[in-house]
Amino acid sequence: MSTEHSTPNASPSTNRFDAIVVGAGPAGSSASFTLARKGFKVLMIDRGRRAGTKNMYGGRVYSEPLEAIFPSLRKDAPVHRWVKAERLSFVSDEGLTSIEYRGGESKSFTTYLPELVNWMRAKAEEAGALVATEVRVDRLVVEKEKVIGVQAGPDTVYADTVIDAEGVNRLLLEGAWQMNVPRQEDLAIGLKETIKLDAERVNQRFGLEDEGMAWILLGSVTRYIPGGAFVYTNRDSVSIGLVLFLSHAVKRTNGHISRLLEDFRLHPKLKHLWRDGELLEYSAKLVPEYWRGFMPRRLSGAGLLVVGDAAGVLLNNGMTIRGVDLAAYSGYLAAETFTKAHAEGDFTSEMLSAYGRRVEESFIGRELRKHNGLEYIRRNPHFFDQYPRLVNSGLGRIFNIGLESPTIWKALRGAQKDVGPDAWTAIKDMYKIGRTL
Amino acid sequence: MQILVGIKWVPNTSNVRFDPKTGALIREGVPSIVNPHDLDAVEFALDLRDRYGGEVNALSMAPPSAIEGLEQVLGMGVDSAILVSDRIYGGADTLATSYVLAHAVKRISNQRGKLDLVIFGQETIDSSTAHIAAQTASWLDLPYLYYVRSVEIKENGFIAVERWLEDEKTIYDLPLPAVLGVAMKSREPRPVRLIYKIRAKAEKPIEIVTNEILKLNPNCVGLKGSPTWVSKIDYTPEVKRKREVFMDPDAGKAAKWLMQKYADEDINLIGGAHR
Amino acid sequence: MTQKDDLTKKPVNVDDILKVDLYDVEETPHISVNFDRCIGCETKPCIDLCPAKCYDLLGGKVLFSYSGCLECGTCRIVCPQNAISWNYPRSGKGIQYRFT
Ligand SMILES: Cc1cc2nc3c(=O)[nH]c(=O)nc-3n(C[C@H](O)[C@H](O)[C@H](O)COP(=O)(O)OP(=O)(O)OC[C@H]3O[C@@H](n4cnc5c(N)ncnc54)[C@H](O)[C@@H]3O)c2cc1C
Ligand code: SF4
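Residues numbered from 1 in each chain as written. Chains lettered and ligands numbered in written order. Predicted model: local features only at pLDDT ≥ 70, side-chain atom pairs only at ≥ 80, totals over all residues. Heavy atoms only, no water.

(A) Main features of the overall build of chain A. Of regular secondary structure, chain A possesses 18 helices and 19 strands. With the C-alpha coordinates of chain A rotated into their principal frame, the extents come out at 95 × 45 × 45 Å. Taken across its 437 residues, chain A has 63% of its residues classed as buried. Sequence-distant contacts, at least 24 apart, represent 72% of the contacts inside chain A between residues at least 6 apart. When the accessible area of chain A is evaluated, it comes to approximately 17,200 Å², of which 49% is carbon and sulfur surface. (Helix = DSSP H or I, 4+ residues; strand = E, 2+ residues; numbered from the N terminus. Buried < 20%, exposed > 50% of the residue type's maximum accessible area, 1.4 Å probe, protein only. Contact = heavy atoms within 4.5 Å. Areas by Shrake-Rupley, 256 points an atom, 1.4 Å probe, with all protein chains shown as cover.)

Here is the structure:
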C-alpha cells in the first residue's frame, strides 16, 4: 500500500515563479502578458473554470491604453462594435431628453468581457505565462511583512512578487494587510441584462451601421437614486443595466433591486428598442464608486503589487465607468515595475513603491485627479433627480405648443414650479457642471 | 492499481436554448464541460489510488478542445491523460464510440503492461444512454458492473464491489481486470488543486492518439460506424414552480403535508429511477 | 423564462430571469450566514439588495440559498450585523458568465 500521491512532489520548477498573478481579469492578464513577453516565469491563477467566466462589466472598453499593451488588438481582439454614437439622456416622469454625439474615428468598442478577457489570457499564455484556472487562492502568504507566495487549499507556491489582481472583492488583500471591509459609501452595485437581438435589428433600432452606441441615462430610470442606467449595443445583442450608489440603494430601492432594472426594461419610451429580444444573461457586480475612499493607502508592499479594481484604479464619474482599460494599464505598469525590481534583485517595499508613483504620473493618475472635480456631481443629489426633471419639464413647455409658444424664460419659470424651490440652485449647478465637463 | 477513467466532453446542457423555429439546440454560449457524472468516476478512482496506490489515467474520445476538460481532471490529481482524437471519429453513436474506446484501452494496457480497472460515470448529461461502459466491457470481454458504490481489494486478485439498485444492495466478487459504472452523485468530486493544475500545464501529460496510431477500420468508427440516428428531439414543457412553503417545527406534520402534495400532483414516489 | 415570454410586455420575476444564467453549483455553500444575528437586524438590506434574491424572508426569518449567487459581494458589504462569512466558490464552480 502506498500513498505517494496524497501530496504531490512539488518540484522546484512548479512551485517557484518569478511572479504570481492572482486573477486573470483585465488587470491580471495584462500584467501576465507583459511579464511573460519579457521572459519571466509567470503563474497566473484564476478561480473561474476558464478565464472570463467570472468577469462582468457594463459594455464598453476604451482601446488606446489596451493597444499600448496588446499591439494586435485592432487585428484580432473580439471587438463587437466600435462606438461611434454617444448618447446621454435625462429621463423623468415629465419626459426624456437626449443629447447625441456621432463622431468619426472611434476609440472605444463594445464586447462581452468574458470574451475579451479570454483573448487577453490567450495572449498571455502564448507569450509563455502558465495559467492555472479553477483555482481559488485562499491567502497571500506573508512572512516578516513580505508577501512570499500564495496559498490555495493545501498548496503553497512561491514567487519574488505577487501581483494582486483579484478585483473589487479584495479578500486576499484585506487578509494580508488587515484592512477593513470596504464601506458602502465607496461602492456602487451594477446589474445588467444582455438581450439577444439580431444585428440588423440593432442597426435599425439604434440607427447604426454595424458601429456601436454607448448610452447613459439619468433620472427616473434609477428612480432618482444616484447612479445611472446604460445601454450598449453589441454585435447581436444589447446590454441594459443600472449602476446605483450602494449607500443610497440600501435605503431607497423600495422593493427588490431587480425591479428597478425590470422597470427600465419595460420603460414605455424605451422598451420598443429591445422588443422581441431574448434574454441571454443576467449579471451583477460591485464597482468602486469613489476611488479616493476605496483606494488602499498604498498600492504596493514588500513582494506585493496591487492592480486593477483591487487597487481602486477606476474612473466612475457617475455616468461613465472606465475600469477595464485603467485596470489593464495598471497591470502593465506593475509588470514594468517588477522588471526594474528584478534587474536590481530587490523586491522590498521601497523598490516596489515606484509602481504607485508610476500610476500617479501616468494618464491614470492624471485622469483620476481631473475627475475628482466631478465628485461634486456625486455629492450633489440634484444631479440625479431635479436636473432630469427640470430639463424635461422645460423642454416640454417649449415643444408642446398650444396656441402660443412660451418664451424660454417662461418655460424655465414653469419648469421651476414643476420641480420645486431648489430649481434655481439646480440651474446654476448645471451651468457649473457643464463647465467642468 | 492501474485505473483508467473514461471522460466525455459534453455541452453543458444544464441550461440550453432551442431555436424557436427549427427546435434545434443552440450551441452558441453553451460551453463544453466534463460530463459531471464522470467526475464522480474520477473521484472514485482517485479514492482507490489514495487507498491502494497505483495510477489513475484518463481516457477520452473527443475533439482537441477536450484538452481543457482533461486539464481539469489532471488538476484533481489524475496522473496522465489519453485523448483519442481524429476527424473520422466524429459523429459517433455509442457503438462506434465504445469500439474506439475499447481499442484505445487495449493499446494502453499493452503499452503499460497492466490494467486493473476501467471506470466510467453512470451516464452522460447530453444523451443519458448509459451504454458506453457496458459496450466497452463487451468489446473487451471483461466483467462489468454498474451503479457501483464502492470497491475493496481482496487477497486473491479479486475485488469486492458494492452495487446498489432501487431495492437491493449486493456485493459481488469480481476478478480483475474489470469495467465499472459508478453510481451518479455517489461521490463529491474533490476540488482542483493548484499544484496539480500547474503540473498539468507545465508537463502537459496528455497523449493524443489519432487513427493513424489506432489503425481502426474507417467503416467501424465515427458516423459511418454508427447505426443509430436521431429522428427527432422533443423537449418537455417547463413546469412552473408553485413556491409553496410549509412552516411548522413538527417534522411529522411537514412530511404528511409533503406526501399529500405528491398525492395531489399524482407523483409516484416508489420506483423512482435514482436515489 | 421561456423563449415565448416577451421581455417588453409582462414583468418577469427575477427567479425566472436567473434561469437563463449558467451555473455549476458547488456542493458545499461558499457563503454562510449566522442567522442568530439576523434576529435583531432591523433593516435586513440583504433581502432587497442581493441581485439574485438569495435572501428571502419567511415569517420574519431570513432564509438563504446560495445556488443562484452571482458572487457580486453586495451582501458582504451591506450586512449591518456582520453575519455573513463570505467567499468565492472553489474549483471553477458557481456562476459561468458568457454574454456579459
Ligand atoms: C455594472 C458595471 C459596469 C461597468 N462598466 C464598465 C465599462 O463599460 N467599461 C469599463 O471599462 N469598465 C466597466 N466596469 C468596470 C470593470 O468591470 C472593472 O474595472 C474591471 O473588470 C476591473 O478589472 P480587474 O482585472 O481589476 O478585476 P476583475 O475583472 O474583477 O477580475 C478579477 C479576477 O480575479 C479573479 N479572482 C478574484 N479572487 C480570486 C481568488 N481568490 N483566487 C483566484 N482568482 C480570483 C476573478 O475570478 C476575476 O477573474 C464596470 C463595472 C460594473 C460593476
Ligand atoms: S454575493 Fe451577491 S449574489 Fe451572492 S448572495 Fe451575496 S449579494 Fe447575493
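(B) Main features of the overall build of chain B. When helices and strands are counted, chain B shows seven helices and 13 strands. Taking the principal axes of its C-alpha atoms as reference, chain B extends roughly 60 × 55 × 40 Å. Within chain B, buried positions represent 46% of all 275 residues. Across chain B, the fraction of contacts at a sequence separation of at least 24, relative to all contacts at a separation of at least 6, is 72%. Within the structure as shown, chain B displays about 14,300 Å² of accessible surface, and the carbon and sulfur contribution to it stands at 55%.

(C) Fine view of the domain arrangement of chain A. Along its sequence, chain A is carved into domain 1 (16-78 + 110-181 + 294-372), domain 2 (185-288) and domain 3 (385-436). For domain 2 of chain A versus domain 3 of chain A, the distance between C-alpha centres works out to 26 Å. (Domains from an automatic or database assignment.)

(D) View of the pattern of salt bridges. If you walk through the whole model with that rule in mind, you get 49 salt bridges over all chains. Across the pair A:Lys196 and B:Glu28 runs a salt bridge, and its minimum N-O distance is 3.1 Å. Taken together, the residues span two chains, with A:Lys196 in strand β11 (residues 187-196) and B:Glu28 in the loop between β4 (25-26) and β5 (32-34). B:Glu28 sits in the partly exposed class, given a relative accessible area of 34%. Among the ionic pairs, A:Arg265 bridges to A:Glu262, the shortest N-O distance being 3.7 Å. Remark: A:Glu262 and A:Arg265 occur in helix α9 (residues 258-265); sequence separation between them is three residues, near one turn of the helix. Given the relative accessible area of 0%, A:Arg265 is considered buried. Relative accessible area serves as the criterion here: at 2%, A:Glu262 is assigned to the buried category. Taken together, the shared-partner salt bridges in this structure form one network comprising A:Arg49, A:Glu134, B:Lys197, C:Asp24, C:Glu27 and C:Lys93. (Salt bridge = Lys/Arg side-chain N within 4 Å of Asp/Glu carboxyl O.)

(E) Local environment of the site of ligand 2. Near ligand 2 you find 14 residues, and of these C:Cys50, C:Cys69, C:Leu70, C:Cys72 and C:Cys75 are the closest. When its residues are assigned to classes, the shell around ligand 2 shows eleven nonpolar, two polar and one charged. (Near = heavy atom within 4 Å. Nonpolar A, V, L, I, M, F, W, Y, C, P; charged D, E, K, R; others polar.)

(F) Representation of the interface of chain C and chain A within the structure. Listed as interface residues are 45 residues of chain C and, on the opposing side, 52 residues of chain A. Summed over both partners, the interface of chain C with chain A comes to about 4,300 Å²; 55% of that surface belongs to carbon and sulfur atoms. Of all residues in chain C, C:Leu7, C:Phe99 and C:Thr100 give up the largest surface area on contact with chain A, accounting jointly for 18% of the area buried on that side. Broken down by secondary-structure element, the contributors of at least two residues to the side of chain C that touches chain A are α1 (14-17), α2 (45-49), α3 (74-78) and β6 (94-95) of chain C. Partitioned by chemical class, the residues of the side of chain C that touches chain A number 23 nonpolar, ten polar and twelve charged. (Buried area = accessible area lost by both parts, 1.4 Å probe.)

(G) Seen up close, helix α7 (residues 199-206) of chain A. Residue and element names in this part refer to chain A. All of the buried residues along α7 are Val202, Asn203 and Phe206. For α7, the angular spread of the buried residues around the axis is 95 degrees, confining them to a single face. In α7, the exposed residues that point more than 90 degrees away from the buried face are Glu200 and Gln204. Just beyond α7, the residue with positive phi is Gly207, at close to 65 degrees. (Arc of directions from axis to C-beta.)

(H) Representation of the packing of helix α16 (residues 386-399) of chain A against helix α17 (residues 408-419) of chain A. All names here are of chain A. Between α16 and α17, the shortest axis-to-axis distance is 8 Å and the interhelical angle comes to 135 degrees. By the angle between their directions, the pair α16 and α17 is classed as oblique. Note that α16 runs across α17; the crossing there is right-handed. Where α16 abuts α17, its residues Gln386, Arg389, Leu390, Ser393, Gly394, Arg397 and Ile398 lie against Ile408, Ala411, Gly414, Ala415, Gln416, Asp418 and Val419. The residue inventory of the contact of α16 with α17, partitioned by class, reads six nonpolar, five polar and three charged. (Axes fitted to C-alpha atoms, helices over the stretch in contact; angles between N-to-C directions. Parallel < 35°, antiparallel > 145°, perpendicular 65-115°, else oblique. Left-handed = near helix turned anticlockwise from the far one by under 90°.)

(I) Just the site of ligand 1, in detail. Taken together, 38 residues surround ligand 1, and among them A:Asp46, A:Gly58, A:Arg60, A:Val137 and A:Asp309 come closest. Residues within reach of ligand 1 are spread across chains A and C. Between A:Met56 and ligand 1, the recorded distance is 3.3 Å, taken from a backbone N or O atom to an oxygen atom. The separation between a nitrogen atom of ligand 1 and a polar main-chain atom of A:Val137 is 2.8 Å. About the coverage of ligand 1: the protein hides 98% of its 1,000 Å² of free accessible area. (Polar contact = N/O pair within 3.5 Å; in protein donor to acceptor, adjacent residues only side chain to side chain.)

(J) Geometry of the confidence of the model for chain B. Of the residues in chain B, 97% have a pLDDT of 70 or more, and the chain-wide mean is 91. On the interface metric, ipTM, the complex scores 0.95, and its pTM is 0.93. (pLDDT = per-residue confidence, 0-100.)

(K) Representation of the interface of chain C and chain B in the model. Counting from both sides, the interface comprises 17 residues of chain C and, opposite them, 18 residues of chain B. Buried area between chain C and chain B, both sides added, is near 1,500 Å², and the carbon and sulfur share of it is 46%. In this structure, the connection of chain C to chain B is made through two residue pairs in polar contact (both at pLDDT 80 or more). Among the residues forming the side of chain C that touches chain B, the class breakdown is six nonpolar, four polar and seven charged.

(L) Examining the side chain of A:Glu166 more closely. Residue and element names in this part refer to chain A. Topologically, Glu166 is positioned in the loop between β10 (155-164) and α6 (171-177). Buried within the structure, Glu166 lacks any salt-bridge partner; its nearest side chain of opposite charge belongs to Arg170, at an N-O separation of 6.9 Å. Those residues within four positions of Glu166 in sequence are excluded, and the remaining contacts are Val22, Leu171, Leu172, Leu173 and Ala310. (Lys, Arg positive; Asp, Glu negative; His and termini not counted.)

(M) Quick look at the sheet that holds strand β10 (residues 158-164) of chain B. Residues and elements named next belong to chain B. Across the sheet, nine strands lie side by side as β11-β10-β9-β12-β8-β1-β6-β7-β13; this open sheet has mixed pairing. The open sheet is flanked by β11 (169-175) and β13 (206-209), the only strands paired with a single partner. Neighbour-to-neighbour, the strand axes of this sheet turn through a mean angle of 35 degrees, independent of strand direction. Pairing between β10 and β11: seven bridges, direction antiparallel. In the sheet register, Phe158 faces β11, and the bridge partner there is Pro175. Sheet strands touched by helix α1 (residues 36-52): β1 (2-6), β6 (55-61), β8 (117-121), β9 (144-153) and β12 (178-182). Its angle to β9, the strand with the most contacts, is close to 20 degrees. (Pairing = 2+ DSSP bridges.)

(N) Quick peek at the nonpolar core. Counting 120 residues, the largest nonpolar core has A:Ile20, A:Leu43, A:Leu66 and B:Leu194 as the members making the most contacts within it. Considering every element that reaches this core, the biggest residue donor is helix α11 (residues 324-344) of chain A, with ten residues. Once residues within four sequence positions are removed from consideration, A:Ile20 is found in contact with A:Leu43, A:Ile45, A:Val150, A:Val157, A:Tyr158, A:Ala159, A:Thr161, A:Val162 and A:Ile163. (Core = buried A, V, L, I, M, F, W, Y, C linked by side-chain atoms within 4.5 Å.)

(O) Representation of helix α7 (residues 251-264) of chain B within the structure. Between its first and last C-alpha atoms α7(B) spans 20 Å; for 14 residues at 1.5 Å apiece the expected length is 20 Å, and the two agree. Backbone geometry just downstream of α7(B) places B:Asp266 in the positive-phi region, at approximately 65 degrees. (Expected span 1.5 Å × (residues − 1).)

(P) Representation of the side chain of B:Asn211 within the structure. All names here are of chain B. Its place among the elements puts Asn211 in helix α6 (residues 211-214). For Asn211, a relative accessible area of 11% gives the class buried. Of the polar contacts made by the side chain of Asn211, one reaches the backbone nitrogen of Leu216; its length is 3.0 Å.

(Q) Layout of the pairing of strand β14 (residues 237-245) of chain A. Residue and element names in this part refer to chain A. Burial of β14 is extensive: nine of the nine residues sit out of reach of the surface. Direction of pairing for β11 relative to β14: antiparallel, over a ladder of nine bridges. Bridging across to β14, Thr194 finds its partner in Ser239.

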